[in-house]
Amino acid sequence: MNWLLSGDLPRSRILAFLLIGILACLVLAPFVFPGTRSLNVAAKVAVFILLVASYDLLLGYTGIVSFAHTMFFGIGGYGIGIAAARLGPTWSSLALGIFLSLLASLALAFAIGLLSLRVRAIFFAMITLAVASFFQILASQLSELTGGEDGLNIRLPALLQRSRLATYYAVVLVSFVLFLLLLRIVNSPFGRVLLSIRENEFRAEALGYRTVVYRTLANCLGALMATAAGALYALWLRYTGPDATLSFSIMIDLLLMVVIGGMGTMYGAAVGATLFVVAQNYLQDLMKLASDSASGVPLLPNLLHPDRWLLWLGVLFIVCVYYFPSGIVGRLRR
Amino acid sequence: MRFGGHVAVDRVSCAFRAGVTAIVGPNGAGKTTYFNLISGQLAASAGRVRLFGEDITRLSAPQRTKRGIGRAFQLTNLFPRLSVLENVRLAVQARADMGKSLLSTWRSHVELLEKAAFFLERVALADKRDTPAAALPHGDQRKLEVAILLALEPEVFMFDEPTAGMSVDEVPTVLQLIEDIRRKGDKTILLVEHKMDVVRSLADRIIVLHQGELVADGAPAEVIASPVVQEAYLGISRG
């Protein structure tokens, strides 16, 4: 177990239970929570754990603020979508789509990193914002290739097309393995250099670490993982489109998940993504229950109306940041 | 070295050999700028920096560190939220050129951890190995700065006021460390220091900077006695 977790044990009993609970729910979801909706939520949780973890590699471990992460997520989705649409629903077209999208992400992340990681953090953030906006426009304009605003419906190879269960477990398994790989990376000597760059870039340089190289590598690794997450999400949804992968609201959600879970802890990504996705999907139901049960009380039913779920999510976020500035995992590990 | 219209270091041409060379001068004389030019934190606007005959003028600070120039900073420059041991381990890891190892865990490299612990012993910080660097008192932070430099195992040691802000009891530990390196006889040690008693006790050679220029260079007794130094540095006027 120590080897599997790269020596980075939860160091808190509650956190250990939480993580085991999340894993158990993901593995048993098709049997314990039957139904399309719950399976959708579980698959989204699995994909977003990987996506948030890959973003935390940049934000939490290296101190890089990038707004291009959903772009890489989108490249993964479109890679699968375009390959399946053009070459047919075969395993080889899926593999080619994934390979080419990984290659495209690697090239883009390398170029963005090398050209702009030398500049100050705020400029880097602005450059990634500009590139991501450009990509979003490109995806909607090249409608012949990408399906434009409508996106692309994806037909999968027979096995995955027939069995949702097989697709679900493939998504969970690949997400889990890649999450463990990220955990290994952040606990490697390379990961410690990233931490040192976050802490004091000037000092890291003086020790002999060429920080621009490390930051570019981290950018590439984060991009590759986000692309893999995008491909998995497209596989699960059998669809890819601007709103499903490229939207800036996903970028904001990612930021919130990293902060809520705890920056600079891979387990924070798991906890933050799970909490956020579950709240996003079930808070409305919970509020409907609360609103109905408070029907006799003045004002309260209105406040708890399911339409106000975003307001309450915002309140939850503020409370989280106020009481757990180092995130839930940071607090639990203290 | 030129900052706009101001020339901070002007044609200071020196060759440093094994032993301790102290660089002294009043505040603003250009000592730290001179250090920055050697270690690569600043790029020279003119002139050359050579290390063992190789021109390193255009090399970045990390490249110079890899070639054997190690530096401790005047203002403590640590990784504040990382543990004391981790601060030193990162230097040991840099020296072992293992920073790009992605698939092993840092904990599995026991040899690096042991080496880092050894350098902490040398600066008497072994009992604080798990404390975050930011939580150390100032004197201990200075010692940690020195431990990081030792862990780089450079050919050229650059100490920028290593005893500044240390209590009287802590100073001998650091001076002894510098003396130990000197005694081995094969390393070049550059020392910026204001305290003349420290300079007298350690230096084999003193160079004096004043307003960015080299005003004296020689054996300690000779330089300290020189009238130009008495006036420029010690503030004693000639007549």
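In this text the structure is predicted, and so the values were computed from the model without any measurement. (Residues numbered from 1 in each chain as written. Chains lettered and ligands numbered in written order. Predicted model: local features only at pLDDT ≥ 70, side-chain atom pairs only at ≥ 80, totals over all residues. Heavy atoms only, no water.)

### Structural notes on the overall build of chain A
What chain A contains, in helices and strands, is 17 helices and 2 strands. By the compact-globule yardstick of 20 Å for 334 residues, chain A fits well, its C-alpha radius of gyration being 20 Å. In terms of overall dimensions, chain A has C-alpha extents of about 65 × 50 × 40 Å along its principal axes. Expressed as a percentage of the 334 residues in chain A, the buried residues total 54%. Residue pairs in contact within chain A that sit at least 24 positions apart in sequence constitute 78% of those at least 6 positions apart. (Helix = DSSP H or I, 4+ residues; strand = E, 2+ residues; numbered from the N terminus. Rg over C-alpha atoms; globule rule 2.2 N^0.38 Å. Buried < 20%, exposed > 50% of the residue type's maximum accessible area, 1.4 Å probe, protein only. Contact = heavy atoms within 4.5 Å.)

### Comments concerning the interface of chain A and chain B
Each partner contributes to the interface: chain A provides 30 residues, whereas chain B provides 34 residues. With both chains or domains summed, chain A and chain B bury close to 2800 Å², and 60% of this area falls on carbon and sulfur atoms. Between the two partners, chain A and chain B, sit 3 salt bridges. A salt bridge links Glu86 of chain B to Arg192 of chain A, with the nearest nitrogen and oxygen atoms 2.9 Å apart. Connecting chain A to chain B are 19 residue pairs in polar contact (both at pLDDT 80 or more). Secondary structure elements with two or more residues in the side of chain A that touches chain B: α8 (164–186), α9 (189–199), α10 (201–206) and α11 (211–237) of chain A. Looking at the side of chain A that touches chain B element by element, the count peaks at 8 residues for α9 of chain A. Along the lines of polarity and charge, the residues of the side of chain A that touches chain B split into 15 nonpolar, 7 polar and 8 charged. (Buried area = accessible area lost by both parts, 1.4 Å probe. Salt bridge = Lys/Arg side-chain N within 4 Å of Asp/Glu carboxyl O. Polar contact = N/O pair within 3.5 Å; in protein donor to acceptor, adjacent residues only side chain to side chain. Nonpolar A, V, L, I, M, F, W, Y, C, P; charged D, E, K, R; others polar.)

### Observations regarding the packing of helix α14 (residues 266–293) of chain A against helix α16 (residues 309–323) of chain A
All names here are of chain A. Following both chains from N to C, one finds α14 and α16 inclined at 130°, their axes separated by 10 Å at the closest point. When the axes of α14 and α16 are compared, the pair comes out oblique. Here α14 runs over α16; the crossing is right-handed. Together, Phe276, Ala279, Gln280, Leu283, Gln284 and Met287 of α14 and Trp309, Trp312 and Leu313 of α16 make up the contact between the two elements. Broken down by class, the residue content of the contact of α14 with α16 amounts to 7 nonpolar, 2 polar and no charged. (Axes fitted to C-alpha atoms, helices over the stretch in contact; angles between N-to-C directions. Parallel < 35°, antiparallel > 145°, perpendicular 65-115°, else oblique. Left-handed = near helix turned anticlockwise from the far one by under 90°.)

### Focus: the sheet that holds strand β3 (residues 19–24) of chain B
All names here are of chain B. Strand order in the open sheet formed by 6 strands is β6-β7-β8-β3-β9-β10, and the pairing between neighbours is mixed. What marks the edges here is a single partner per strand, and that holds for β6 (69–72) and β10 (213–218). Averaged over all pairs of adjacent strands, the angle between strand axes in this sheet comes to 20°, irrespective of strand direction. Pairing between β6 and strand β7 (residues 156–160): 4 bridges, direction parallel. Each residue of the ladder has a partner; that of Arg71, found in β7, is Met158. Of the strands in this sheet, β6 and β7 are in contact with helix α5 (residues 138–152), which crosses β7 at around 170°. Against the sheet, helix α6 (residues 171–184) engages β3, β7 and β8 (188–192), with an angle of about 150° to β8. (Pairing = 2+ DSSP bridges.)

### Notes on helix α4 (residues 110–122) of chain B
All names here are of chain B. With 13 residues, α4 should reach 18 Å at 1.5 Å per residue; the first-to-last C-alpha distance of 19 Å fits that figure. Taken as a whole, α4 has its buried residues at Leu112, Leu113, Ala116, Ala117, Phe119 and Leu120. Buried residues of α4, viewed axially, fall in a sector of 160°; they line one side. Among the exposed residues of α4, those oriented more than 90 degrees off its buried face are Glu114 and Glu121. Turning to α4, the residues buried within the fold contact α3 (84–95) and α5. Directly after α4, the chain includes Ala124, whose backbone phi takes a positive value near 60°. (Expected span 1.5 Å × (residues − 1). Arc of directions from axis to C-beta.)

### Some details on the nonpolar core
Counting 148 residues, the largest nonpolar core has Phe48 of chain A together with Val88, Leu144 and Phe159 of chain B as the members making the most contacts within it. Among the elements that line this core, the one with the most residues is helix α2 (residues 36–62) of chain A, at 18 residues. Domain assignment of the residues forming this core places at least three in each of domain 1 (1–68 + 154–239) and domain 2 (78–153) of chain B. Setting aside residues no more than four positions away along its own chain, Val88 of chain B makes contact with Ala116, Phe119, Leu120, Leu144, Ala147, Ile148 and Ala151 of chain B. Ranked by size, the runner-up nonpolar core spans 19 residues in total, among them Val49, Ile69, Met158 and Ile207 of chain B. (Core = buried A, V, L, I, M, F, W, Y, C linked by side-chain atoms within 4.5 Å. Domains from an automatic or database assignment.)

### Considerations on the pairing of β7 of chain B
All names here are of chain B. Among the 5 residues of β7, 5 are classified as buried, and the element is accordingly described as predominantly covered. Every second residue of β7 is oriented toward a common face, with Val156, Met158 and Asp160 on one face and Phe157 and Phe159 on the other, all of them buried. Note on the crossover from β7 through α6 to β8: the handedness is right-handed. (Right-handed = clockwise from strand over helix to strand, strands pointing away.)

### Here we look at the domain arrangement of chain B
Residue and element names in this part refer to chain B. Entries for chain B in the domain assignment read domain 1 (1–68 + 154–239) and domain 2 (78–153). A separation of 26 Å is found between the C-alpha centroids of domain 1 and domain 2. Taken together, the contacts link 19 residues of domain 1 with 13 residues of domain 2. For the pairing of domain 1 and domain 2, the buried interface totals around 1300 Å² over both sides, and the portion due to carbon and sulfur atoms is 65%. When the buried surface of domain 1 facing domain 2 is broken down by residue, Pro154, Glu170 and Leu177 rank first, second and third, together holding 35% of it. At the junction of domain 1 and domain 2, the tally comes to 2 salt bridges. Among the ionic pairs, Arg122 bridges to Asp180, the shortest N-O distance being 4.0 Å. Here domain 1 is connected to domain 2 by 2 residue pairs in polar contact (both at pLDDT 80 or more). Of all the elements in the fold, those that place two or more residues in the side of domain 1 that touches domain 2 are α2 (61–67), β7 and α6.

### Examining the packing of aromatic side chains
All names here are of chain A. Summed over all chains, the structure comprises 12 aromatic pairs over all chains. Summarising the aromatic geometry, the rings of Phe48 and Tyr233 are spaced 5.8 Å apart at their centres and angled 80° between planes, so their arrangement reads as edge-to-face. Note that Phe48 is positioned in helix α2 and Tyr233 in helix α11, a separation of 185 residues in sequence. Judged by centre distance (5.9 Å) and plane angle (70°), the ring pair of Tyr168 and Trp236 falls under edge-to-face. Here Tyr168, found in helix α8, pairs with Trp236, found in helix α11; they are 68 residues apart in sequence, far enough to count as distant. You'll find Tyr168 and Trp236 in the same group, each marked buried. Taking the ring centre of Trp3 as reference, the NZ or CZ of Arg184 above it sits at 5.2 Å. (Phe/Tyr/Trp six-rings, centres within 6.5 Å; stacked < 30°, edge-to-face > 60°. Lys NZ or Arg CZ within 6 Å of the ring centre and 35° of its normal.)

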